[in-house]
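Observations on the model geometry
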Amino acid sequence: MAAKREVPRAPARKYILVIDVGGTHVKFRVGEQRTAAEFESGLSMTPGRMARRVCKLLDGQRYDAVSIGYPGLVYHGRIAAEPHNLGKGWVGYDFAAAFGRPVRVINDAAMQAIGSYRGGRMLPYRRGRTFEDYVGERGRERLGNRRWRKAVRKVIADLNAAFEADYVVLGGGNARRLKKLPRGVRLGGNNHAFIGGLRLWDPRSGVITSSAALLRVRERR
């Protein structure tokens, strides 16, 4: 009887460069540094400019691999659609060549969800056309703050009941506008995105295979 061949596990990478790309700012840090560096992004921010700016600000600091949270559609680890609030050229861009290291790209909300995970059944939800009209900035402008808060609570309750989640993570800039969080709901944050970026390269983490998305009440589209 032939012996089973053990598949070697990928070694843990100690120095992970995590980049959180947003429509107004790009934030990044290496490993578990407490503070992140940042610079403005916007409609002129192409992936090449982003990569060059990050590398320049790193100023030779060591990193073994890169995690990128992208504010748009990512399919099988590849950017599948150009962003709304950034420049063009993101689809098909060779980040590994630009950074000279292995790169993993994930939706920015999913990266934050991974970093927010604390066990159990977590329900986050990423922007969708159906709920965006109620919980996003468009909904807030249309409904006003009071009715918008009520709509957010209704969406949370509906999703929570449908998926029987143990807890809900609420992220996005507008989350701070909620005066009181419903029971079983906790706020996400930028730091969770960096934690999620580190977990993408952690061979001990099983979070990536868990079902997760993030309900984000965004300030802008």
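What you are looking at is a predicted structure, and each value in this text was computed from that prediction instead of being measured.

What to know about the sheet that holds strand β3 (residues 37–40)
Spatially, β3-β2-β1-β4-β7 is the arrangement adopted by the five strands of the open sheet, whose pairing is mixed. Each edge of the open sheet is held by one strand with a lone partner, namely β3 and β7 (103–107). Pairs of neighbouring strands in the sheet enclose a mean axial angle of 15°, with direction left out of account. Pairing of strand β2 (residues 25–30) with β3 involves four bridges; the strand directions are antiparallel. For lysine 27, the partnering residue across the bridge sits in β3 and is glutamate 38. Sheet strands in contact with helix α3 (residues 108–116) are β1 (16–21), β4 (65–70) and β7, and its direction is about 95° off that of β7.

Thoughts on the nonpolar core
Formed by 23 residues in total, the largest nonpolar core has its most connected members in Leu17, Ile19, Met50, Val54, Trp90 and Phe99. Secondary-structure elements contributing two or more residues to this core are β1, β2, α1 (47–58), β4 and α2 (95–99). When neighbours within four sequence positions are excluded, isoleucine 19 is seen to be in contact with Val26, Lys27, Phe28, Met50, Val54, Val66, Ser67, Ile68, Gly69, Phe99 and Met111. Grouped together as the second largest cluster of nonpolar side chains are 13 residues, Val135, Val152, Ile156 and Val185 included.

A closer look at the pairing of strand β9 (residues 167–171)
By the criterion of burial, β9 is predominantly enclosed, with five of the five residues buried. Covered by surrounding structure in β9 are Tyr167, Val169 and Gly171 together with Val168 and Leu170, the residues of both alternating faces. The pairing of β9 with strand β10 (residues 185–187) spans three bridges and is parallel. From the neighbouring strand, leucine 170 faces β10, where its bridge partner is leucine 187.

Topic: α3
Across the nine residues of α3, nine count as buried, placing the element largely inside the fold. Residues Asp108, Ala109, Ala110, Met111, Gln112, Ala113, Ile114, Gly115 and Ser116 constitute the buried set of α3.

What about the environment of leucine 17?
Within the element layout of this structure, leucine 17 appears in strand β1. Here leucine 17 falls in the buried class, since its relative accessible area comes to 0%. Separated by 45 residues in the primary sequence, leucine 17 and arginine 62 place their C-alpha atoms 8.8 Å from one another. With near-sequence residues (within four places) excluded, leucine 17 lies in contact with Phe28, Arg29, Val30, Val54, Leu58, Tyr63, Ala65, Val66, Ser67 and Phe99.

Scoring rules and cut-offs
- Residues numbered from 1 in each chain as written.
- Predicted model: local features only at pLDDT ≥ 70, side-chain atom pairs only at ≥ 80, totals over all residues.
- Heavy atoms only, no water.
- Pairing = 2+ DSSP bridges.
- Helix = DSSP H or I, 4+ residues; strand = E, 2+ residues; numbered from the N terminus.
- Axes fitted to C-alpha atoms, helices over the stretch in contact; angles between N-to-C directions.
- Contact = heavy atoms within 4.5 Å.
- Core = buried A, V, L, I, M, F, W, Y, C linked by side-chain atoms within 4.5 Å.
- Buried < 20%, exposed > 50% of the residue type's maximum accessible area, 1.4 Å probe, protein only.

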